[in-house]
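Secondary and tertiary structure notes
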Amino acid sequence: ADESFDIVRQVVPAIAVDYLDLRTINWDGGVKVIDSVGMRCGEAVDTEACSAGYDALSIDSEFDIAVWSDICCEQRQLAYSRGDEVGVVASTAELDAFLGPIDAPGDAALVLLLKHRWEHLRCDAAAQIGPHEEGFVAYTRSGSGCGAGNHVRDNVVLVRTDGSIEVLESDIIERGTVGCSIPG
C-alpha cells in the first residue's frame, strides 16, 4: 500500500539529489525498486563510472520490514545519485543526515516506514499525510491480525519536524487470532 503514495517524489533531502529510489532487498540479496524519481546518474560528468558505482552499492541495511522466521527477512533502503556521487541510506543516522528537518510529506513517510518500521501507509485514507503545526500527520495501518494481541490497527501518527513521532489515535479494526501462522 505504501507504493501508492509515491513517496520519493515528495522527499526533500537536506542536500538535493538527481535521482532517488526506495528499494526492497529480499532475503537472497535480490533488489526491487518500489519507487523512484529522477534519472539515475543523469547529471553525472562520467556516466559510466557513476552507473558502475551505483551497481556496486551495498545492499546491507538496518531497516528490516518483514521477518517471518530467524532466517528470512526483507529490508529497505534508499539509493541516490547526485552528480557523479552515489550513495545509500541504510541506517537511522544516515536517514537523519539525509533528510535533515522533516519538512515534506515524503520525509515524514520515510521516517515512519524506515526509522519507526510502520507496516504501511493506509491507501484508503483521504489524505495519507497532511500538514500539522508540529510537522505532519500520517494515517497508517499496523499489525497483521495473526497472534494474540497482534491486532490490526488504523492509526493517526504525528511526525514532528525533528523526526520524533507520537500516536495521536489508534483504533483496532481486527483482533489478533490465536493459533494462526504467517506463510513463509
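Here the structure is a predicted model, which means the values were calculated and not measured. Counting of residues starts from 1 at the beginning of each chain's written sequence and follows it residue by residue. Given that this is a predicted model, residues contribute local features only at a pLDDT of at least 70 and side-chain atom pairs are listed and counted only at 80 or more, while totals for whole chains, interfaces and linings are drawn from all residues. Excluded from the side-chain calculation are hydrogens and water; included are all heavy atoms of the structure.

**Comments concerning the overall build of the protein chain**
Condition: Every helix listed is a DSSP run of H or I at least four residues long, and every strand listed is a run of E at least two residues long, numbered separately from the N terminus. Remark: exposure states derive from per-residue accessible area (1.4 Å probe, protein chains only) relative to the maximum for the residue type, with buried under 20%, exposed over 50%, and partly exposed in between. Pairs of residues are marked as contacts when any of their non-hydrogen atoms sit within 4.5 Å. Reported accessibility uses the Shrake-Rupley method at a 1.4 Å probe radius. Residues are deemed covered only where the shown protein chains occlude them.
Looking only at helices and strands, the protein chain has three helices and 10 strands in total. The order of helices and strands in the protein chain, counted from the N terminus, is β-β-α-β-β-β-α-α-β-β-β-β-β. Relative to its 184 residues, the protein chain shows a buried fraction of 42%. A sequence separation of at least 24 residues applies to 52% of the contacts in the protein chain between residues at least 6 apart. Carbon and sulfur atoms make up 50% of the accessible area of the protein chain, which amounts to about 9300 Å² in all.

**Examining the pattern of salt bridges**
Between side chains of opposite charge, pairing is possible as soon as their charged atoms come close. Convention followed: What counts as a salt bridge is simple: a side-chain nitrogen of Lys or Arg found within 4 Å of a carboxyl oxygen of Asp or Glu.
A full pass over the atoms with the stated rule returns seven salt bridges. Among the salt bridges present, the one from D21 reaches R23, with a minimum N-O distance of 3.2 Å. Here the two residues D21 and R23 agree in accessibility, since each one is buried. Salt-bridge contacts for D154 lead to R141; the nearest nitrogen and oxygen are separated by 2.6 Å. Pair noted here: D154 is in strand β9 (residues 152–160) and R141 is in strand β8 (residues 135–142), with a separation of 13 residues, a long-range link. The buried category is assigned to D154, whose relative accessible area is 13%. R141 gets classed as partly exposed once you look at its relative accessible area, which sits at 22%.

**Quick look at the pairing of strand β1 (residues 19–25)**
How we decide: DSSP bridges decide pairing: two strands pair if at least two such bridges lie between them.
Among the seven residues that make up β1, seven are buried, leaving the element largely enclosed by the rest of the structure. Every second residue of β1 is oriented toward a common face, with Y19, D21, R23 and I25 on one face and L20, L22 and T24 on the other, all of them buried. As judged from the seven bridges shared by β1 and strand β2 (residues 31–38), these two strands associate in the antiparallel manner. In the strand pairing of β2, D21 is matched with S36. Counting the residues in the hairpin turn of β1 and β2 gives five residues, including G29, whose phi is positive at 95°.

**With respect to the packing of aromatic side chains**
The geometry of an aromatic ring pair is captured by two quantities: the separation of the ring centres and the angle between the planes. Inclusion rule: Note on aromatic contacts: the rings of Phe and Tyr and the six-membered ring of Trp form a pair at centre separations within 6.5 Å, being stacked when their planes are under 30 degrees apart, edge-to-face when over 60 apart, and tilted otherwise.
Taken as a whole, this structure holds two aromatic pairs when the rule is applied. Their ring planes at 75° and their centres at 5.8 Å tell us that Y19 and Y54 sit as a pair that is edge-to-face. Of this pair, Y19 sits in strand β1 while Y54 sits in helix α1 (residues 47–55), placing them 35 residues apart in sequence. Summarising the burial analysis for this pair, Y19 and Y54 share the class buried. Plain terms: the ring middles of Y80 and F98 are 5.4 Å apart, the flat faces sit at 35° to each other, and that makes the pair tilted. Here Y80 is found in strand β4 (residues 72–82), whereas its partner F98 is found in helix α2 (residues 92–99), with 18 residues between them in sequence.

**Side note on the pairing of β9**
Most of β9 is tucked away, with seven of its nine residues classed as buried. Across eight bridges, the pairing between β8 and β9 is antiparallel. What sits directly across from Y139, in β9, is V156. When β9 meets strand β10 (residues 165–174), the two strands line up antiparallel, connected through eight bridges. The residue of β10 that forms the bridge with N155 is S170. Between β9 and β10, which pair antiparallel and follow one another directly, the connecting turn spans four residues, one of which, G163, has a positive phi of 90°.

**Considering the nonpolar core**
Selection criterion: Nonpolar cores are built from buried Ala, Val, Leu, Ile, Met, Phe, Trp, Tyr and Cys residues. Side-chain atoms within 4.5 Å join them into one set.
Counting residues in each nonpolar core, the largest one holds 27 residues, and the members touching the most others are I7, L22, L78, L95, F98, L99 and L110. Those elements that place two or more of their residues in this core are β1, β4, α2, α3 (105–115), β8 and β9. Take this core: its biggest share by element is seven residues, from α3. Those residues in contact with L95, other than ones at most four positions away along the chain, are F63, L78, V89, L110, V111, L114 and K115.

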